[in-house]
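The lines below spell out each chain.
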Protein chains: 2
Amino acid sequence: MTAISNGKILALSGGVGGAKLARGLAEVLAPAQLNIVVNTADDFDYWGLRICPDLDSVMYALADRNDTVRGWGLQNESWRTLDAMGNLGAENWFQLGDLDLATHLFRSQRLREGQTLTQITEGLCKSMNVPARLLPMTEQAVATQVHCSEGQLGFQEYFVRERCAPVVKSLEFAGVESAKPTAAILATLADPDLRGIILCPSNPFLSIDPIFAVPGMLPAIIESQVPVIAVSPIVAGLAVKGPAAKLMQELNMPVSADQVARYYQQRYPGLLQGFIIDTSDAQLASEFDTLGLAVKVRPTLMTDIASKAELAEQCLGFLNELAN
Amino acid sequence: MTAISNGKILALSGGVGGAKLARGLAEVLAPAQLNIVVNTADDFDYWGLRICPDLDSVMYALADRNDTVRGWGLQNESWRTLDAMGNLGAENWFQLGDLDLATHLFRSQRLREGQTLTQITEGLCKSMNVPARLLPMTEQAVATQVHCSEGQLGFQEYFVRERCAPVVKSLEFAGVESAKPTAAILATLADPDLRGIILCPSNPFLSIDPIFAVPGMLPAIIESQVPVIAVSPIVAGLAVKGPAAKLMQELNMPVSADQVARYYQQRYPGLLQGFIIDTSDAQLASEFDTLGLAVKVRPTLMTDIASKAELAEQCLGFLNELAN
């Protein structure tokens, strides 16, 4: 790790799935080395509050406060305000816990006061002792719209309220044409200490695509001239977490790790240099020659802190190899 | 009660103290008969939410959900979000409970959507089965400012954060010159079924004065030509609740029930016809002749639902007498 030990890493992440690798990276890197660009296209307004599900998932995971049994939200959570809101006839399909609510209240008040999402996220992370720098992909509001057989749904309506049941025809990142990468992200990408970029095993369509859809993001990443690798979110033809596999089927793609790589290569030519697939997908390794990508076959199912740290080490090692 | 039984009553109230009589009135009147104008000059913004302490105190008391041991807020309350906000470094001197928080979230969201405070209060009261109509004194923001030896404090800063410790020099109802009585209040005052008006035993300076300070409120009340009575908030030289007695001292007034009547008579000539003082203040009854006010001496310490209802009956009887 000598090349990395003095440098910085940028990870791109959605929510819970990507947060596992982010947590592993935080285990093997110093806080000043780890920068994580987080998707904000899932953000929405609810109860008059600004909710940033992916930022919060990564933040809670890195603070070791995420509930791993429920799979989202905070440990030791309670739901008293939610129940009271239901009694008042307010919407309650999105479950905001009493502890989680503090995050949204804190953020919403400061957004109204004119602070940027980047500044607010920095403050929240400091209070929660998050050992990394979390960077919202943009300060501007972007809202993933899911076009499906039933019509158009906001992302959280599709994801939470409808439990991903509707068949997806296409996705739209409303507002993204007016968005810009944040100054903090551009500065990180221009930092001579940057050593590599990792696409976490997040949903390519819902978590990674919105980040690259921000005008200027992809050119800035490519111009950084550091190695870029991805970890497959598809293992043995299944999504480890969330609707990635179902979406691939609905978008008429074979559900496989190499197909994710193919998708990235076609959509973002020249972006990736390496790809990590799970040991259960070892037979797919030969596919990557034709894709022009280096490939590593490694255990990618991060079930505990040791396996998260191990995959993080593998990512850093891969970036080192690609840099030489 | 025959004259009242077919008519409507308007009560003017601050928070917890006035809410006791309001609760008694709700016990002896049908919901359609009881209208309660509530002070909103204590309202303030906190955590980006609009907090209306007096409206909530009256609403919770009328829903039988107020915590009578703590003396404010809801029964069965918890403080998980408050604790989490403290951990984030947010202000936590004003204690918002998890159940109470739902009220503020519900109200704040709807205010931002453009609903009036009157409409929102009606919705909250319906959800909580409040058997009366609660009428915020105005839709416009009014903010009591406490000028004291330490400088100027917002009302809740004085009342909650500083626990009424600063010596008050004067009070100011900032914004009141631009406020108007609500359409619902003016319609109630013009209703031919209106039979009488009761000033609840609330703080004259902090709860009742702001209501009368709304331009147009006092003339509309006097033009209604129904009897107006008040119940003394001072009993045996002490304030039953809150800083009324301390304020009277600081404003160089004798602390006594007749002094409250004298204050109202001087400040709002022609408003009052009757005044109810506590049995412990019976020796003060003769003072009211010189003030030109009818007086009743009755038990006014409302310690349970029976004594609240009994005082409410006494008020209605007094209004009946004055109408004849």
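Before going into details, it helps to say that this report is about the structure given with it. (Residues numbered from 1 in each chain as written. Chains lettered and ligands numbered in written order. Predicted model: local features only at pLDDT ≥ 70, side-chain atom pairs only at ≥ 80, totals over all residues. Heavy atoms only, no water.)

Describing the overall build of chain A
Here is step 1 of the chain: Within chain A, the secondary structure is distributed over 14 helices and 14 strands.
Here is step 2 of the chain: The C-alpha atoms of chain A give a radius of gyration of 19 Å, which matches the 20 Å a tight globule of 324 residues would have.
Here is step 3 of the chain: Projecting the C-alpha coordinates of chain A onto the three principal axes gives extents of approximately 60 × 45 × 40 Å.
Here is step 4 of the chain: Out of the 324 residues in chain A, the part that is buried amounts to 60%.
Here is step 5 of the chain: Put simply, chain A shows about 12,400 Å² of open surface, and 50% of that area lies on carbon and sulfur atoms.
Here is step 6 of the chain: Charge centroids of chain A, computed over 24 positive and 35 negative side chains, lie 3 Å from each other. (Helix = DSSP H or I, 4+ residues; strand = E, 2+ residues; numbered from the N terminus. Rg over C-alpha atoms; globule rule 2.2 N^0.38 Å. Buried < 20%, exposed > 50% of the residue type's maximum accessible area, 1.4 Å probe, protein only. Areas by Shrake-Rupley, 256 points an atom, 1.4 Å probe, with all protein chains shown as cover. Lys, Arg positive; Asp, Glu negative; His and termini not counted. Charge placed at Lys NZ, Arg CZ, Asp CG, Glu CD.)

A look at the packing of aromatic side chains
One pair of aromatic rings is described through two measures. These are the centre distance and the angle between the planes.
Here is step 1 of the chain: Per the counting criterion, the structure on display carries 30 aromatic pairs over all chains.
Here is step 2 of the chain: Ring centres of tyrosine 46 of chain B and phenylalanine 94 of chain B lie 5.7 Å apart, and the angle between their planes is 65°; this geometry places the pair in the edge-to-face category. Of this pair, tyrosine 46 of chain B sits in strand E3 (residues 44-46) while phenylalanine 94 of chain B sits in the loop between helix H4 (80-87) and helix H5 (98-112), placing them 48 residues apart in sequence. For the pair formed by tyrosine 46 of chain B and phenylalanine 94 of chain B, the shared burial category is buried.
Here is step 3 of the chain: Taking the ring centre of tryptophan 72 of chain A as reference, the NZ or CZ of arginine 70 of chain A above it sits at 5.0 Å.
Here is step 4 of the chain: Of note, arginine 161 of chain B hangs over the ring of tryptophan 93 of chain B, and the distance from its end group to the ring centre comes to 5.8 Å. (Phe/Tyr/Trp six-rings, centres within 6.5 Å; stacked < 30°, edge-to-face > 60°. Lys NZ or Arg CZ within 6 Å of the ring centre and 35° of its normal.)

Structural notes on helix H9 (residues 204-213) of chain B
Here is step 1 of the chain: Of all the 10 residues making up H9 of chain B, 9 are buried; the element is thus mostly covered by neighbouring parts of the structure.
Here is step 2 of the chain: The N-terminus of H9 of chain B is capped by asparagine 203 of chain B, whose side-chain oxygen sits 2.9 Å from the backbone nitrogen of phenylalanine 205 of chain B. (Polar contact = N/O pair within 3.5 Å; in protein donor to acceptor, adjacent residues only side chain to side chain.)

Section: the sheet that holds strand E6 (residues 143-148) of chain B
All names here are of chain B.
Here is step 1 of the chain: Strands sit in the order E7-E6-E8 across an open sheet of 3 strands; the sheet is antiparallel. With one partner strand each, in any of the chains shown, strand E7 (151-154) and strand E8 (168-174) form the two edges of the open sheet. Each strand of the sheet is rotated relative to its neighbour by a mean of 25°, with strand direction disregarded.
Here is step 2 of the chain: Here 4 bridges tie E6 to E7, and the two strands are oriented antiparallel to one another. Residue pairing in the sheet places glutamine 145 in a bridge with glycine 154 of E7.
Here is step 3 of the chain: Each of E6 and E8 touches H9; the most contacted strand, E8, lies at about 40° to it. (Pairing = 2+ DSSP bridges. Axes fitted to C-alpha atoms, helices over the stretch in contact; angles between N-to-C directions. Contact = heavy atoms within 4.5 Å.)

A short note on the interface of chain A and chain B
Here is step 1 of the chain: With 26 residues of chain A at the interface, the matching set in chain B holds 26 residues.
Here is step 2 of the chain: A combined buried area of about 2,200 Å² lies between chain A and chain B, and 62% of that area is made up of carbon and sulfur atoms.
Here is step 3 of the chain: Sorting the residues of chain A by area buried against chain B places Arg80, Leu88 and Leu105 of chain A first, and these three jointly supply 31% of that buried surface.
Here is step 4 of the chain: Our count for the chain A to chain B interface comes out at 0 salt bridges.
Here is step 5 of the chain: Counting across the chain A and chain B interface gives 8 residue pairs in polar contact (both at pLDDT 80 or more).
Here is step 6 of the chain: Those elements giving two or more residues to the side of chain A that touches chain B turn out to be helix H4 (80-87), helix H5 (98-112) and helix H6 (117-127) of chain A. (Buried area = accessible area lost by both parts, 1.4 Å probe. Salt bridge = Lys/Arg side-chain N within 4 Å of Asp/Glu carboxyl O.)

Side note on the packing of helix H2 (residues 16-28) of chain A against helix H3 (residues 53-62) of chain A
Residue and element names in this part refer to chain A.
Here is step 1 of the chain: At their nearest, the axes of H2 and H3 sit 9 Å apart, and the two run at 35° to each other. Where H2 crosses over H3, the handedness of that crossing is right-handed. Each of Val16, Ala19, Ala22, Arg23 and Ala26 in H2 lies in contact with H3, whose residues at this interface are Ser57, Val58, Ala61 and Leu62.
Here is step 2 of the chain: Of the residues assigned to the contact of H2 with H3, the class counts are 7 nonpolar, 1 polar and 1 charged. (Left-handed = near helix turned anticlockwise from the far one by under 90°. Nonpolar A, V, L, I, M, F, W, Y, C, P; charged D, E, K, R; others polar.)

Some words on helix H6 (residues 117-127) of chain B
All names here are of chain B.
Here is step 1 of the chain: Looking only at H6, the buried set comprises Leu117, Thr118, Ile120, Thr121, Leu124 and Cys125. Projected onto a plane normal to the axis of H6, the buried residues spread over an arc of 160° and lie on a single side. Seen from the open side of H6, the exposed residues pointing more than 90 degrees away from its buried face are Glu122 and Lys126.
Here is step 2 of the chain: Tucked inside the fold, the buried residues of H6 contact helix H3 (53-62), H5, strand E5 (133-136) and helix H8 (183-190).
Here is step 3 of the chain: Immediately beyond the C-terminal end of H6, within one or two residues, lies asparagine 129, with a positive phi of roughly 55°. (Arc of directions from axis to C-beta.)

Coordinates in, geometry out; function isn't part of it.
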